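As a plain string of letters, each chain reads:
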Amino acid sequence: MIDFQQFKDSRKIEEFIIDAGLHPLLGAMVESLQIPNHIDRLCGHFDKRLLLTPGQLAKALIVNVLDGRTPIYKVDESFESVDCEVFFGQGIKAEDLTEDRLGTALDLIGELDLGLLFSHISMRAMQLYGIQTDVVHIDTTNFSVFGEYDTEDYKGFNATACGAPKSGRRDLKAIGLGTAVTGNKTPFLFEALSGKSSDAVWFRSALTETTKLFQGDLYSRPVLIFDAAASNKEMFESASTLKAPAIIRLSRVFNEAEEAVCKAWEENNWQHVGVLATNKKGASEYKISSFDFHEVSGWRLIVVHSSGLEKSKRKSLDKNIATKRETIEMDATTLGKKKFESKEKALEAAEKLIKKHITAKIPLQYSVDVVTKEIEKYARSGRPTPNTPKITVTNYYVKFRLGETDVERYNSIIQQESCFVLVDNVPKDRCSDKEILERYKGQWRIENTFQFIKTPLDFGPLWLNTPKRIKALLFLIVLSVLTANFLLYRLHASLSGSPCGEEDPKTHPRKFADVTGRRVDKPTYNMVREHLLKLKVIIYYDQEQKRWVREFPSQTRNKLLQIIVDIGFNPKIYLEPYRGSFDLWCYS
C-alpha cells in the first residue's frame, strides 16, 4: 500500500493562502438585504442540532447560484475552498452543508408565503435605496427539469409532465416562473408556476398584485408592460377597473390587429420614430401609426413598423417561397403523370394540390389546365382476336404551371409581418405614441433576467424531488438575481459620482476597467467577478494572541479592494464574520 503522507508537506507551518473569490462579498450583499433574517424570522424555532439556520443555508444556496453554479447536491464541495468561519461563523465547516440540512431548509422555506416574502424583501430594499420606477415589465418563462418528482401538488404547484417544446422531449417535466422587474431590472414579484399554467391567468393575478404594491392611478402608477398572452378582454377590463396603466402587445387572434395594420398602410400617415437603440450597430428604425381601440373604451391602438423585423421577414419569406417552389414542382410533375377518367376529377386533384401548397403565406402565381389524350383500346379484356372491336378512350391530365411571385400579395404579407400592434390605456397627456413604444421596447430587461435564471442548473433529483423544494429553490434563484442587481446598483452609483450612495460634489464619475483593460461606465456582474476571483487571503495562527488571523497578501492590488469599497463594503468582510458596521452604504 502506498503511503500518501510522503507526498505531503510534513512541516508544522500553520499558515496557508486561500482564493477568497466572491463568496464573502456576495454573502455580505445577502446579509445587507437581510434575507437570512427575514427567512429565519418566518421559519420560527431553530433546531440547534442543524448547526445552520434556514436563512444561513439559503445564503449559501444564493451565493452558489451566483458564483459558479455547482450542482445543488454538491454545494458542500463548492464551499471546500471557502473560509466558512468568515462566511457562516465560528466552528462551521464545508462538510456541515449536508444534503439533509439543505433539504430540510428548503422544506421550511417552501412552506412560507414566498410571493409575499419576496415582494417584502425587494420593496423594502427599493425603499432603502430610494429607487423609484416609472415602468414595470411582467412576464413568465418555463424550463424543463429532469428526474422523478412527487406527483401530488403542493399548494397548486408541481413539476408537470408536459414536454419541452424546443427539444421535442415529451418525457420531460416543466416548471414555470412568473416575475416582474422595474426599469432598472430589479425583480419584485415571484410566483412558481406549474408547467401547464396559463400565462393569461397569471398575468391578471400579477396585475392585481402590482396595483397593491404601487398605489395610485393611471397617471401615478408605473406603466405595466405585457406580451401578447395578456391580450384578452378580461385583462383589458381589469386594468381599466384597477386604474392600472398598461401596454400590451395585441395578439393576432384579434381581428382588429390585422385591420389596424392594413389601415395604417392604406392611410400612410406614419410618424417616423427612427432608431431607439443608439449604441447598437444596424439597429432597427421604427415608424408608428395610432388609432382608437374600439374593442375597449379608453384604450389606444398603435401600429409599429420595424425595419429590422421587415428585413428578417423578407429573408424568411424568400426562403420559404424557394423551398415551397421546389416541393410544388415535384408534386406537380407527379400529378401530371396521373390520368383521370373525367375533367372534373382532374380539376378536383388540382384543387387539392393548390390547397396543400398555395396558402395565404405563399404568394406564388399559377395556372391549371386539363389536357386530353385519346387512345384506342380493345373493347373487352383478354387476348384480342382479329374480330375484337376497338374503342376510343379519352384520358384527362393536369397541367399545373407555377408562375412568378405575386408582387402585390408578397408586399401585403411583408406589410403585415413587419408590423406589430400595441394597445394601451395610458393617458395621452402622460405618454405620447413614441413614448409608449419606447417603454415597450424595454421588455429586454425581463428577458435578460430570464436568461440569467435559465443558465444551466442541476436540481439534483437525489433529494430535490418534491414540489415544495423545487418551489423554494426557484425562490432562492430569483433572490440571487435580486442580490446581483443591488450589488451592481451600488457599484454603478459609486462610479457615477455618488460613493456609497452619498452625494459628493467633489467626486467625479469614473470608469471601470475590466480584466482586458477595456473601460466602461456600467460594468456587468461578470466583469466584477473576473476581477475578484483573483483576490486571495492569508490565514495564519498568531501564537501570541492564540487565535487565527486573516490578512490580504502584501502584493494585493489596491484596485481589487477599491471594488469592494465602491460596492459599499469594508474589505474586512473577507477577514471577519459579517457585521452590520461593515456596510458602508448611506441609505436614503
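1. Digging into the packing of aromatic side chains
Point 1. Under the defined criterion, the tally for this structure stands at 23 aromatic pairs.
Point 2. The interplanar angle of 80 degrees and the centroid separation of 5.4 Å between the aromatic rings of Phe203 and Phe226 together place this pair among those described as edge-to-face. Of the two residues, Phe203 sits in helix H8 (residues 199-213) while Phe226 sits in strand S6 (residues 223-226), which places them 23 residues apart along the sequence. Each member of the pair Phe203 and Phe226 is classed as buried.
Point 3. By way of ring pairs, the aromatic residues Tyr129, Phe486, Tyr489, Trp585 and Tyr587 are connected into one cluster.

2. Side note on the pairing of strand S18 (residues 547-551)
Point 1. Inspection of the sheet shows strand S17 (residues 536-542) paired to S18 by 5 bridges, in the antiparallel sense. Note that in S18 the partner of Asp542 across the bridge is Arg547.
Point 2. As consecutive antiparallel partners, S17 and S18 are separated by 4 residues, and within that stretch Lys546 has a phi angle of approximately 55 degrees, a positive value.

3. Let's talk about helix H2 (residues 35-43)
Point 1. Among the residues of H2, those classed as buried are Ile35, Pro36, His38, Ile39 and Cys43. Within H2, the buried residues cover an arc of 165 degrees as seen down the axis, which keeps them to one side.
Point 2. Residues of H2 that are buried sit in contact with helix H1 (23-32), helix H3 (54-66), helix H6 (99-110), helix H7 (114-128) and helix H16 (467-495).
Point 3. The first or second residue beyond H2 is Gly44, which carries a positive phi of 80 degrees.

4. A few points about the packing of H8 against helix H9 (residues 233-242)
Point 1. Viewed as axis vectors pointing N to C, H8 and H9 meet at an angle of 10 degrees, and their least axial separation amounts to 10 Å. Taken as axis vectors, H8 and H9 run roughly parallel relative to one another. From H8, Phe203, Arg204, Leu207, Thr208 and Thr211 reach across to H9, where they touch Glu234, Met235, Ser238, Ala239 and Leu242.
Point 2. Within the contact of H8 with H9, the residues separate by chemical class into 5 nonpolar, 3 polar and 2 charged.

5. Observations concerning the side chain of Asn395
Point 1. Position of Asn395 relative to the elements: it lies in strand S13 (residues 390-405).
Point 2. In this structure Asn395 touches Lys339, Phe340, Val371, Thr372, Lys373 and Ile375, once residues within four positions along its chain are discounted.

6. Some words on the sheet that holds strand S11 (residues 339-340)
Point 1. With respect to topology, 3 strands assemble into an open sheet ordered S11-S13-S12, the strand pairing being antiparallel. Sheet topology places S11 and strand S12 (364-378) at the edges, where each strand pairs with a single neighbour.
Point 2. Here 14 bridges tie S12 to S13, and the two strands are oriented antiparallel to one another. Among the inter-strand pairings, Val368 is bridged to a residue of S13, identified as Phe400.
Point 3. In the packing of helix H11 (residues 307-336) onto the sheet, the strands contacted are S11, S12 and S13, and the crossing angle to S13 comes to about 175 degrees.

7. Quick word on the sheet that holds strand S1 (residues 15-19)
Point 1. Strand order in the open sheet made by the 3 strands is S1-S17-S18, with antiparallel pairing throughout. One side of each edge strand has no neighbouring strand; the edge strands of this open sheet are S1 and S18. Across the sheet, the mean angle separating the axes of adjacent strands is 25 degrees when strand polarity is ignored.
Point 2. By the bridge criterion, 5 bridges tie S1 to S17 in an arrangement that is antiparallel. If you follow Glu15 over to S17, its bridge partner there is Tyr540.

8. Observations regarding helix H10 (residues 255-267)
Point 1. An ideal rise of 1.5 Å per residue puts 18 Å on 13 residues; H10 measures up with 18 Å between its terminal C-alpha atoms.
Point 2. Buried residues of H10: Glu256, Ala257, Ala260, Val261 and Ala264, and no others. The buried residues of H10 occupy an angular sector of 140 degrees when the element is viewed end-on, so they sit on one face. In H10, the exposed positions that point more than 90 degrees away from the buried face belong to Asn255, Glu259 and Glu266.
Point 3. The inward-facing, buried residues of H10 abut strand S9 (285-292), strand S10 (300-306), helix H13 (407-417) and strand S14 (419-424).
Point 4. After H10 finishes, the residue Asn268 shows a positive phi value of roughly 50 degrees.

9. A look at the pairing of S14
Point 1. Counting buried positions along S14 gives 6 out of 6 residues, so the element sits mostly inside the fold.
Point 2. Along S14, one buried face is formed by Cys419, Val421 and Val423 and the opposite face, lined by Phe420, Leu422 and Asp424, is buried too.
Point 3. For S10 and S14, the ladder comprises 6 bridges, and the chain directions are antiparallel. By the bridge assignment, Val303 is partnered in S14 with Val421.

10. Notes on the confidence of the model for the protein chain
Point 1. On average, residues of the protein chain score 87 in pLDDT, and 91% of them reach the 70 mark or higher.
Point 2. Taken as a whole, residues 456-463 scores under 50 in pLDDT and shows 25 contacts with residues more than four places along the chain or in a different chain.

11. Side note on the pattern of salt bridges
Point 1. This model, assessed by the stated rule, comprises 25 salt bridges.
Point 2. A salt bridge links Asp107 to Arg469; its shortest N-O distance comes to 3.0 Å. Of this pair, Asp107 sits in helix H6 while Arg469 is found in helix H16, placing the two residues 362 residues apart along the sequence.
Point 3. Residue Asp107 is classed as partly exposed on the basis of its relative accessible area of 21%.
Point 4. With a relative accessible area of 15%, Arg469 lands in the buried category.
Point 5. Put simply, Asp134 and Arg439 hold a salt bridge, and the shortest N to O gap is 2.6 Å. In this pair, Asp134 sits in the loop between H7 and strand S2 (135-145) while Arg439 sits in helix H14 (residues 433-440), placing the two residues 305 residues apart along the sequence.
Point 6. You can call Asp134 partly exposed: its relative accessible area is 35%.
Point 7. Here the residues in one salt-bridge network are Asp83, Glu85 and Arg550, joined through shared partners.

Conventions adopted
Residues numbered from 1 in each chain as written. Predicted model: local features only at pLDDT ≥ 70, side-chain atom pairs only at ≥ 80, totals over all residues. Heavy atoms only, no water. Phe/Tyr/Trp six-rings, centres within 6.5 Å; stacked < 30°, edge-to-face > 60°. Helix = DSSP H or I, 4+ residues; strand = E, 2+ residues; numbered from the N terminus. Buried < 20%, exposed > 50% of the residue type's maximum accessible area, 1.4 Å probe, protein only. Pairing = 2+ DSSP bridges. Arc of directions from axis to C-beta. Contact = heavy atoms within 4.5 Å. Axes fitted to C-alpha atoms, helices over the stretch in contact; angles between N-to-C directions. Parallel < 35°, antiparallel > 145°, perpendicular 65-115°, else oblique. Nonpolar A, V, L, I, M, F, W, Y, C, P; charged D, E, K, R; others polar. Expected span 1.5 Å × (residues − 1). pLDDT = per-residue confidence, 0-100. Salt bridge = Lys/Arg side-chain N within 4 Å of Asp/Glu carboxyl O.

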